[in-house]
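The lines below spell out each chain.
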Amino acid sequence: MSHNNIVSICKQNAYLYSKKICNTLEKYNNIFPEFFDWSDHIAADSNDKYTYHLNKIVNDIEKLIVIFKKIIPEVTFEDWKKKWYYQTIAAAWIHDIGLLNTISDADNAHKHSYYSASYLFNNKDGFNFDSIDTNNKIKIALLCIKHNNSWKDTYLKTKTILNEKFYKKLDEYIGNRYKPTNELHFSGQLISMGDCMRYRGCSLKNNLKKNFRIYYKCDKCSTIYSSNSKSCCSKKLEFKKVGVFHSFNNNNNINGLKQLNNKDIDIYKKPVTDYQKLEQFNPNNHSLQNKDAVVLVREDNQLYTRGDISLSNLEVYDIESWYKELEKNMIDYEIIDNIYDNNKTVVQLTLDINNLDAALFTLQTYITEYLDENICSDQEFSDLYENKTILYILINKDVSFSSCFKKIYTYKSNYGMAIKDAITSLTDNFENWNNNKNVLPIELEANKLKIINLEKIKNEI
Amino acid sequence: MKYELSKTKIYFRTYFVYNEEFKKNFFINLCKWLINELNPEIKELNLNGQRFFKNITSPKINEISDNDINRIDKITPVIENFSFPFIFRKDCLEIRISARDKNFDQFIESNKAADIIINRFVDENIKSKTLTDYWKKYEINLRGAFDNPLLRDTVRAINYLPYGEYEVEGNINANNKKNTISKKKITPPEKVQDLIKQLNFNENTDTEISFLNYNIKIKQNYNLLIFRNINKNQIGLSLYSDQINWFHDLLTLLYNNKLFEPPLIKINNYKTLPLF
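A quick note: this is a predicted structure, and the numbers were derived from the prediction, not measured. (Residues numbered from 1 in each chain as written. Chains lettered and ligands numbered in written order. Predicted model: local features only at pLDDT ≥ 70, side-chain atom pairs only at ≥ 80, totals over all residues. Heavy atoms only, no water.)

Considerations on the overall build of chain B
- Helix and strand content of chain B: six helices and twelve strands.
- Looking at the 276 residues of chain B, the share that counts as buried comes to 53%.
- Pairs at least 24 apart in sequence give 63% of the contacts found in chain B among residues at least 6 apart. (Helix = DSSP H or I, 4+ residues; strand = E, 2+ residues; numbered from the N terminus. Buried < 20%, exposed > 50% of the residue type's maximum accessible area, 1.4 Å probe, protein only. Contact = heavy atoms within 4.5 Å.)

And the structure:
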């Protein structure tokens, strides 16, 4: 069978899944399951239904392939393309279909990739993958499970789905100590990279009228504020985070990255007097067509939600087109050009200045993990390519990451201990990148790029 | 060329496999082991997880709820005034030893102490629970600046070697010019051979050598050595192994050849791992 057929079969099943997931969500009266991403909520309201995300991941993978094609030796790249390209795209279409099984069960949401892979073999719930041969099914199943698992878990979980006679085939792809082949490793990177770029809010903000807002409640008088640095009824201020607010109003003309102007901020500083409305919030009465929906999503000890993750924006560029972009904006990039001659990709991360603590946690866990697993070439792990990445952390034109860092450090919130922990772990990561991973964290200061020296900043505080 | 050992850390990792049902008991027992048995100085633990953070003290271990346990991926012990280099992740225990403020002997001594904890952890938490699948990995990543162009030349020399004699794979030119040569059977250049001899690799066992973008990678079982091109003036050296002895032999060899700079400062009252 031709490889193109694999993709079209998976695509058909993905469309079927998209229909089913919308029906299921209606059935459970739950348009905001917490483990669903904000981008999905917005997509679910449009005509594209849930395929918005699936289309996007496929497009993102195609874009990434263009970038990595420049990095990977030609012979090796062609070899990979023959063996893994169509399987990767096919897996991208169906990697989430297992969500149908976990929609009412948030605790097991992380298992959805496993269910997606098992649909390939058991044709349940109307899905049909009969005409794909087993070898390709194994490849697609591996990639589906990989998208939110380590290679070790991927191997163990795939084994439980497969018939014993295929174990040998599986061992060809993942060898000793759960180490995948170079080609499989690259495909795995592509699929989790594509998926990450989605829930980090890539391009998502362009569809949003305003930024996400986190609300705080005064413990004493129960007034809701949009900032926790205000004085309230009692002298001893005790604010508790109560919700994430977002205006679900699609407007493609407004650039989401634009900071709110001062006038807007003033409006937000006013206390939300209509607290009753907030407390009685019921998702059933607030369809996505309604302009404002306030969703209470935070539990005890929960640092941030998927909504907060969307507060940061992540994009991957190849170095040359990024240089061109900098030249256009008259930014001086001499420092990188002088010291480093081997950088090949750029990860541009834009953090939300209004919610620095949430942005810090996202950076510390998701983004650092993402860089380590997907963008960096790990010489010990894979020989396929060598990549040195620039991590370009952007807040806005006037505020640099270093100066913000102090702000975060002195930030008095309920999560003081957690913030301290996050900063320690971030410093470790930066140090490790410096010595090993070849990630170069840089920031913008006075229209000039500057290398971030976290150790120095930490000492200054 | 000198390597900056004093600016680096050595990572001791133990990977292991456990199943979901086992997870709950494992985490509770681990917390108890950390607080009660590993070291009396450990009074608190930081628990991190999926968008989750909690700080617990000894008496509260039993109060950790099922929901919390499902979300924990990482446990870090906290000791007052000492940053304890010990992180427990979902599938791995990691200890980091910094070479800063130690002389070489003290550094090796700390490494041995870390190895002892790893072994204790394996014996008391993994082997006894019939979790058989585990392995160790030690890792150090060094950076060095050139004063002697020898090694750089060795690496550059690959460009000028007669075609077809070397196993070269990848973009030969770093400036994105594609000049790819497919795999050919080879002998490594003389200087690399010298280097390998010096670095104590046993030639009789299977040794794989590969080159990629100015990188030299030498592999023997689970011992791995990589020279990597970092930037215009620096070459990195990474060592990976599952044997502490091989690791220490190599570090000692580099030390004896005066490859570490600045020289490690001898500190009389350095604080060692507060373990025993």
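So, the confidence of the model for chain B
Residue and element names in this part refer to chain B.
- For chain B, mean pLDDT is 70; residues scoring 70 or higher make up 61% of the total.
- Of all the helices and strands in chain B, helix α4 (residues 150–157) carries the lowest mean pLDDT, 45, while strand β2 (residues 9–16) carries the highest, 90.
- Segment residues 148–189: pLDDT under 50, and 81 contacts once partners within four positions in sequence are set aside and those in other chains are kept.
- Scoring of the predicted complex yields 0.79 for pTM and 0.77 for ipTM. (pLDDT = per-residue confidence, 0-100.)

What to know about the nonpolar core
- Counting residues in hydrophobic clusters, the biggest one holds 105 residues, and the most contacted among them are Phe 68, Phe 129, Ile 140 and Tyr 370 of chain A.
- No other element matches the eleven residues that helix α16 (residues 356–375) of chain A contributes to this core.
- Setting aside residues no more than four positions away along its own chain, Phe 68 of chain A makes contact with Phe 186, Met 193, Ile 375, Tyr 385 and Asn 387 of chain A.
- If you look at the next biggest cluster of nonpolar residues, it comprises 58 residues, including Ile 42, Ile 56, Ala 114 and Leu 237 of chain B. (Core = buried A, V, L, I, M, F, W, Y, C linked by side-chain atoms within 4.5 Å.)

What to know about the packing of helix α6 (residues 112–122) of chain A against helix α7 (residues 134–146) of chain A
Residues and elements named next belong to chain A.
- Running from N to C, α6 and α7 point in directions that differ by 170°, and their axes come no closer than 8 Å. Between α6 and α7, the interaxial angle falls into the category roughly antiparallel. Judged by residue contacts, Ser 113, Tyr 114, Ala 117, Leu 120 and Phe 121 of α6 engage Thr 134, Lys 137, Ile 138, Ile 140, Ala 141, Cys 144 and Ile 145 from α7.
- Looking at side-chain class alone, the contact of α6 with α7 contains nine nonpolar, two polar and one charged residues. (Axes fitted to C-alpha atoms, helices over the stretch in contact; angles between N-to-C directions. Parallel < 35°, antiparallel > 145°, perpendicular 65-115°, else oblique. Nonpolar A, V, L, I, M, F, W, Y, C, P; charged D, E, K, R; others polar.)

Section: the pattern of salt bridges
- Following the criterion strictly, the structure yields 21 salt bridges over all chains and no others.
- In this structure, Lys 7 of chain B and Glu 4 of chain B form a salt bridge, with 3.7 Å as the shortest nitrogen-oxygen distance.
- Among the ionic pairs, Arg 89 of chain B bridges to Glu 94 of chain B, the shortest N-O distance being 3.1 Å.
- A relative accessible area of 29% places Arg 89 of chain B in the partly exposed class.
- In this structure Glu 94 of chain B comes out as buried when scored by relative accessible area, which is 2%.
- Within this structure, Asp 428 and Glu 431 of chain A together with Lys 9, Arg 13, Arg 89, Glu 94, Arg 96 and Glu 139 of chain B form a network of salt bridges that share partners. (Salt bridge = Lys/Arg side-chain N within 4 Å of Asp/Glu carboxyl O.)

Topic: unusual backbone geometry
- The backbone phi angle of Asn 123 of chain A is positive, close to 50°, even though this residue is not glycine.
- The phi dihedral of Asn 447 of chain A falls on the positive side, at around 60°, and the residue is not glycine.

Observations regarding the side chain of Lys 137 of chain B
- Mapped onto the elements of the fold, Lys 137 of chain B is located in strand β8 (residues 134–145).
- The class of Lys 137 of chain B is buried, set by a relative accessible area of 15%.
- Other than its neighbours up to four places away in sequence, Lys 137 of chain B contacts Glu 380 of chain A together with Tyr 11, Phe 12, Arg 13, Tyr 15, Tyr 240 and Ser 241 of chain B.

Some points on the side chain of Ser 425 of chain A
- Along the chain, Ser 425 of chain A falls in helix α18 (residues 416–437).
- Among the residues examined, Ser 425 of chain A registers a relative accessible area of 12% and is labelled buried.
- If near-sequence neighbours (up to four positions away) are discounted, Ser 425 of chain A is found in contact with Gln 364 of chain A together with Lys 74 of chain B.

Re the confidence of the model for chain A
Residues and elements named next belong to chain A.
- The predicted model of chain A has a mean per-residue pLDDT of 73, with 66% of residues at 70 or higher.
- Across chain A, the element-wise mean pLDDT spans from 31 in helix α11 (residues 262–269) up to 94 in α7.
- In the predicted structure, residues 246–297 sits below a pLDDT of 50 and forms 96 contacts with residues beyond four places in sequence or in another chain.

Some details on the packing of aromatic side chains
- With the rule as written, the count across this model stands at 24 aromatic pairs over all chains.
- Through pairs of rings, three or more aromatic residues link up here, namely Phe 68, Phe 77, Trp 80, Tyr 85, Tyr 86 and Phe 186 of chain A.
- Against the face of Tyr 85 of chain A rests Lys 81 of chain A, its NZ or CZ located 5.3 Å from the ring centre.
- Lying across the ring of Tyr 222 of chain B, Arg 177 of chain A places its NZ or CZ 3.5 Å from the centre. (Phe/Tyr/Trp six-rings, centres within 6.5 Å; stacked < 30°, edge-to-face > 60°. Lys NZ or Arg CZ within 6 Å of the ring centre and 35° of its normal.)

Observations regarding the sheet that holds strand β5 (residues 313–318) of chain A
Residue and element names in this part refer to chain A.
- Read across the sheet, five strands follow the order β5-β6-β7-β8-β9 without closing on themselves; strand pairing throughout is mixed. Edge positions in the open sheet fall to β5 and β9 (448–451), since each of these has one partner strand only. Strand-to-strand twist of the sheet, defined as the mean angle between neighbouring strand axes without regard to direction, takes the value 30°.
- Of the strand pairs in this sheet, β5 and strand β6 (residues 343–350) are connected by six bridges, and their pairing is antiparallel. (Pairing = 2+ DSSP bridges.)

Regarding the pairing of strand β7 (residues 388–394) of chain A
Residue and element names in this part refer to chain A.
- By the criterion of burial, β7 is predominantly enclosed, with seven of the seven residues buried.
- Residues of β7 alternate between two faces, with Lys 388, Ile 390, Tyr 392 and Leu 394 on one and Thr 389, Leu 391 and Ile 393 on the opposite face, all of them buried.
- Taken together, the seven bridges between β6 and β7 define a ladder with parallel strand orientation. When the sheet's bridge partners are listed, Val 346 is paired in β7 with Ile 390.
- Pairing of β7 with strand β8 (residues 439–445) involves five bridges; the strand directions are parallel. Its bridge partner lying in β8, Ile 393 is registered against Glu 443.

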